[in-house]
Amino acid sequence: MSSGNPHNQTFRIDFDKPSSEAMHQLYTLFNNIFDVVCQSEADVTHKESAEKELRYILHKSLTVFDSSTQAKDWLESPCPALGGFAPESQLASSSGRELVRITLGKIEYGEYS
C-alpha cells in the first residue's frame, strides 16, 4: 500500500483480484474516491483512517446487498436517507462516510429499504 518516505507515501486500497466485472467496478470506484481523499488530506493518519472507513463501507455494502451489482447500484443511486444524494458522492469526506455507514446499518437492520 505504501512505500518510501512516510511523508511521501503513495496510498492505494489493495484488493484481491476481482471475481466479476461489477466487483472490479466497485474496487475502481473506491480507489477513485480514495485518490480524491489522498489529494485533499496531507496527514498520513487521516489517509489511513479514510482507508479503513472505505474498506468497511465496501465490505458492509457487499454484506447488506445480495450481490456486488446491487451494492454498486445502491452506491451510485440517489438515496432518500442521504438527502437524495448517491452514497458514492458522500464518501470523500469523513462526515459523509459516517452517514453512509449509518445508512448501511439501518438498511441491514430493516429501518430503511
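Owing to the predicted nature of the structure, the values given are computational and were not obtained by experimental measurement.

Calculation criteria
Residues numbered from 1 in each chain as written. Predicted model: local features only at pLDDT ≥ 70, side-chain atom pairs only at ≥ 80, totals over all residues. Heavy atoms only, no water. Helix = DSSP H or I, 4+ residues; strand = E, 2+ residues; numbered from the N terminus. Buried < 20%, exposed > 50% of the residue type's maximum accessible area, 1.4 Å probe, protein only. Contact = heavy atoms within 4.5 Å. Areas by Shrake-Rupley, 256 points an atom, 1.4 Å probe, with all protein chains shown as cover. Axes fitted to C-alpha atoms, helices over the stretch in contact; angles between N-to-C directions. Left-handed = near helix turned anticlockwise from the far one by under 90°. Nonpolar A, V, L, I, M, F, W, Y, C, P; charged D, E, K, R; others polar. Parallel < 35°, antiparallel > 145°, perpendicular 65-115°, else oblique. Expected span 1.5 Å × (residues − 1).

(A) Structural context of the overall build of the chain. Helix and strand counts for the chain come out as four helices and zero strands. Listing the helices and strands of the chain from first to last along the sequence gives α-α-α-α. Among the 113 residues that make up the chain, the fraction classed as buried is 36%. Partitioning the contacts of the chain with sequence separation of at least 6, the portion at a separation of at least 24 is 53%. When the accessible surface of the chain is totalled, it reaches about 6,700 Å², and 49% of it is carbon and sulfur.

(B) Examining the side chain of Lys60 more closely. Inspection of the secondary structure assignment puts Lys60 in helix H2 (residues 44-64). With a relative accessible area of 15%, Lys60 lands in the buried category. With sequence-adjacent residues up to four places away left out, Lys60 is seen in contact with Leu104 and Glu108.

(C) Representation of the packing of helix H1 (residues 21-40) against helix H3 (residues 68-76) within the structure. Relative to each other, H1 and H3 sit at 35°, their axes nearing to 8 Å. Where H1 crosses over H3, the handedness of that crossing is left-handed. Taken together, the residues of H3 that come into contact with H1 (itself represented by Ala22, Met23, Gln25, Leu26, Leu29 and Phe30) are Ser68, Thr69, Ala71, Lys72 and Leu75. Of the residues contributing to the contact of H1 with H3, the split by class is seven nonpolar, three polar and one charged.

(D) Seen up close, the packing of H2 against helix H4 (residues 94-108). Two numbers describe how H2 lies on H4: the axes approach to 10 Å, and their chain directions differ by 25°. The angle between H2 and H4 falls in the class roughly parallel. As H2 runs across H4, the sense of the crossing is left-handed. Residues Ala50, Glu53, Leu54, Tyr56, Ile57, Lys60, Ser61, Thr63 and Val64 of H2 lie in contact with H4, whose contacting residues are Ser94, Arg97, Val100, Arg101, Leu104, Ile107 and Glu108. Residues of the contact of H2 with H4, tallied by class, amount to eight nonpolar, three polar and five charged.

(E) Geometry of H4. The end-to-end C-alpha distance of H4 is 21 Å, a good match for the 21 Å that 15 residues give at a rise of 1.5 Å each. Where H4 ends, the next residue or the one after it, Gly110, has phi of about 85°, a positive value.

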